Structure formats: structure tokens, C-alpha cells
Amino acid sequence: MQRPPVGVARTAVLIAAARANEQRHLRRLFTDPLAAGLVEAAGSANDLNGVRTLAGDHFVLRTRYFDDQLLSSAQPQVVIMAAGLDTRAFRLQWPPGTTLFELDLPDMVEFKEDALHDLQARPHCERVVVPCDLREDWPTALIQAGFDPKRPTAWLLEGLFMFLPPDAGDRILYWVSALSTRGSTLALEHVNREFRELPQMRPVHDRFDTLDARWQSDVEDPVEWLAGHGWHATVTHQVDLAAQHDRAVPAITDPRKVGDARIWLASAIHTV
Ligand code: SAM
């Protein structure tokens, strides 16, 4: 068995723990039969319980939001950037012929492949893993793994940008756009500066600092940021998302409690 995730990769265990916990909900937002086994293999995420409590239902609402975006875009290629312990290849019903690429740091990919093998997981699509550092030349690694820039693609960037310096995030968006045909789709999560600076977030930053997983960037207007790269984007507010799924708005995203602080959930279509 490979070494359990360390450093920034441990944040993926936190999200998987939230998805595992959701399976106990009577009206769960999605089914993820692998999450609990992956968390167990990683040695639990109890040290990050405080972060999960603060997030409330945010992680599971965002999971459902991105599930819906990816399935409705129905592209022949799907690229999940910083996939962590994401199990969408195994738990969503993909159209026949879908190829799904998962990118993450090499140690993380190795650990996950080992754990999935032990759990006897079988994907519902052609699944290709691409170990790489997204601050380096990941486009070459992705193309060498079989990605075809001429085919329309659905990109997912969930729980990634805030961990990267602004220039690295910009470079990723540049390359995602350069590798996207017209009609490709993209879904992302990011935060604004007010969110990063919320007093409630201080213990989270302190905890993440111990993992060497400091938040390093934010974006004031994701629609404008994406438009600059040829994307037409729509932002969904957690108030609407929670109402749509009959859940309470997570306090950390409730404007009555956090004002203009935002965790952005955006989806976009490439128009050039
Ligand atoms: N997207 C997954 C999810 O929502 O379950 C995982 C999100 S987790 C918060 C952050 C992920 O980003 C981790 O899996 C970590 O390994 C990955 N990551 C952080 N920096 C990275 C980098 N420079 N290159 C590749 N992956 C990175």
C-alpha cells in the first residue's frame, strides 16, 4: 500500500470524508460508495473535522453542482484537474465513449490507484490518470496520455485555484482555454478576497498551513476572468443551490452572515 496522502493532498481526504458522510443522509445529494473506503485507506481525516464542520453542506452541495454540470455538458472528453479522491469516473453514468482524465500530484495518484484496486472499483467510462504537477507542464503530460485538443471537452477545476499562486492559476486557465475547442465547457470553484479574509476562516488557514496547503489566491469577478479567456460564464449562488436541493444554506456562504464574501461556483462555455 502506498503512503497515505500528505501535505496539500490531505485536503482531498477532507472532501472525500464529507462525501462519505453524505451517504448516511436520508436524502443524499449523490451516491459515492467508494468515498468511505478511500478515507479509511488514507487513515481518516479526523484532524480536519473542524474545517468540515465550518463548511457545513458546502462540500456536498458543490459536489452535486459539479456532477450536474459535467453530466449535462455531455462531452466526449472530461478532464478533472486536481482530482484528489474524486470518484466521478466510477459513480456517474457517462455517455458511451466518454474518456475521463484525472490529474493530480504523482504521490496522490499512486495512493488512489492502489486504494481503488483494493476496493475493486470499476469505472463507468474510459479512465486515464495523469500524474503531474499543475504548476508545471501538465498540457504535454495530458496530450501524451491521449487527450485530443480537437475534441470538445468538459473541464472541472474543483477545490484547486485557491491553493495556487495567482500566476499559476492564470497559467492553468490559459492552457485550459488553449486546449478547448469552441463549445467545450468548464466548471470551477474559487473564492474572493473577502472570503479568504473572513475571521471564521482563520482557524482553517492555520490548519491548512500545517499541511503546507496555504491559500494563495482569489478572484474578484470570475465571469470577467473567464471572459478574458473566451468563456461565457454563469455563477450560481449557494443560496439558490441549497434551495434547489432543500438544504439549509451553509453559514459560511450565507450572505446574512458573511456579507459579500463568496465561494464562487461557476460554469462556462467556450465561445471561441
Ligand atoms: N478536486 C478534488 C475534490 O474536490 O474532491 C480534490 C480537491 S482537494 C481540496 C485539492 C487537490 O489539489 C488535492 O488532491 C491536491 O493533491 C491537488 N493539488 C494541489 N496542488 C496541486 C498541484 N500543484 N498539482 C496537482 N494537484 C495539486
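Residues numbered from 1 in each chain as written. Predicted model: local features only at pLDDT ≥ 70, side-chain atom pairs only at ≥ 80, totals over all residues. Heavy atoms only, no water.

Looking up the chain in an unreviewed UniProt entry gives the name S-adenosyl-L-methionine-dependent methyltransferase, with the organism given as Lentzea aerocolonigenes. UniProt, in its Function (unreviewed entry) section for the chain, records the words "Exhibits S-adenosyl-L-methionine-dependent methyltransferase activity." Quoted verbatim from the Sequence similarities (unreviewed entry) field of the UniProt record, the comment on the chain reads "Belongs to the UPF0677 family." (UniProt positions renumbered as here; feature names shortened; annotations may be inferred.)

Participant: Would you take a moment to explain the overall build of the chain for this structure?
Facilitator: Within the chain one finds 13 helices and 7 strands. Its C-alpha atoms give the chain a radius of gyration of 17 Å, near enough to 19 Å, the size a compact globule of 272 residues would have. Dimensions of the chain along its principal axes, counting C-alpha atoms only, are 45 × 45 × 35 Å. The proportion of buried residues among the 272 residues of the chain is 55%. Across the chain, contacts joining residues at least 24 apart in sequence account for 79% of those joining residues at least 6 apart. For the chain, the accessible area works out to roughly 12000 Å², and carbon and sulfur atoms hold 51% of it. Here the chain contributes 28 positive and 37 negative side-chain charges, whose respective centroids are spaced 4 Å apart. (Helix = DSSP H or I, 4+ residues; strand = E, 2+ residues; numbered from the N terminus. Rg over C-alpha atoms; globule rule 2.2 N^0.38 Å. Buried < 20%, exposed > 50% of the residue type's maximum accessible area, 1.4 Å probe, protein only. Contact = heavy atoms within 4.5 Å. Areas by Shrake-Rupley, 256 points an atom, 1.4 Å probe, with all protein chains shown as cover. Lys, Arg positive; Asp, Glu negative; His and termini not counted. Charge placed at Lys NZ, Arg CZ, Asp CG, Glu CD.)

Participant: Could you clarify how one ought to interpret the packing of helix α2 (residues 35-42) against helix α6 (residues 106-118) in this entry?
Facilitator: Relative placement of two packed helices is described by the angle separating their axes and the distance separating the axes. α6 packs onto α2 with a crossing angle of 120 degrees between their chain directions and a minimal axis gap of 10 Å. Here α2 is positioned oblique relative to α6, judged by the angle of their axes. As α2 packs across α6, the resulting crossing turns out to be right-handed. Taking contact as the criterion, the partners of Leu-38, Ala-41 and Ala-42 in α2 are, on α6, Phe-111, Ala-115 and Leu-116. Classifying every residue of the contact of α2 with α6 by side-chain character gives 6 nonpolar, no polar and no charged. (Axes fitted to C-alpha atoms, helices over the stretch in contact; angles between N-to-C directions. Parallel < 35°, antiparallel > 145°, perpendicular 65-115°, else oblique. Left-handed = near helix turned anticlockwise from the far one by under 90°. Nonpolar A, V, L, I, M, F, W, Y, C, P; charged D, E, K, R; others polar.)

Participant: How do you make sense of the site of the ligand when you look at a structure like this?
Facilitator: As a structural note, the neighbourhood of the ligand is formed by 19 residues, with Arg-62, Ala-82, Asp-104, Leu-134 and Glu-158 the closest of them. The contact in question runs from an oxygen atom of the ligand to an N or O atom on the side chain of Asp-104, over 2.6 Å. Within the backbone of Glu-158, an N or O atom sits 2.9 Å from a nitrogen atom of the ligand. More than half of the atoms belonging to the ligand lie within 2 Å of the grid points that define the largest pocket. Of all the elements, helix α1 (residues 10-22) adds the most residues to the shell around the ligand, at 4 residues. Its residues assigned to classes, the shell around the ligand comprises 10 nonpolar, 3 polar and 6 charged. (Near = heavy atom within 4 Å. Polar contact = N/O pair within 3.5 Å; in protein donor to acceptor, adjacent residues only side chain to side chain. 1 Å grid on protein atoms, 1.4 Å probe; cavity = no way out; pocket = protein on both sides within 12 Å on 5 of 7 lines; lining within 4 Å. Sits in = over half its atoms within 2 Å of the grid points.)

Participant: What is the right way to look at the packing of α1 against helix α4 (residues 58-73) in this model?
Facilitator: At a closest axis distance of 9 Å, the pairing of α1 and α4 adopts a crossing angle of 85 degrees. Between α1 and α4, the crossing angle belongs to the class labelled roughly perpendicular. In this structure, α1 contributes Leu-14, Ile-15, Ala-18, Arg-19 and Glu-22 to the contact, and α4 contributes Phe-59, Val-60, Arg-62 and Thr-63. When the residues that make up the contact of α1 with α4 are grouped by side-chain class, the tally is 5 nonpolar, 1 polar and 3 charged.

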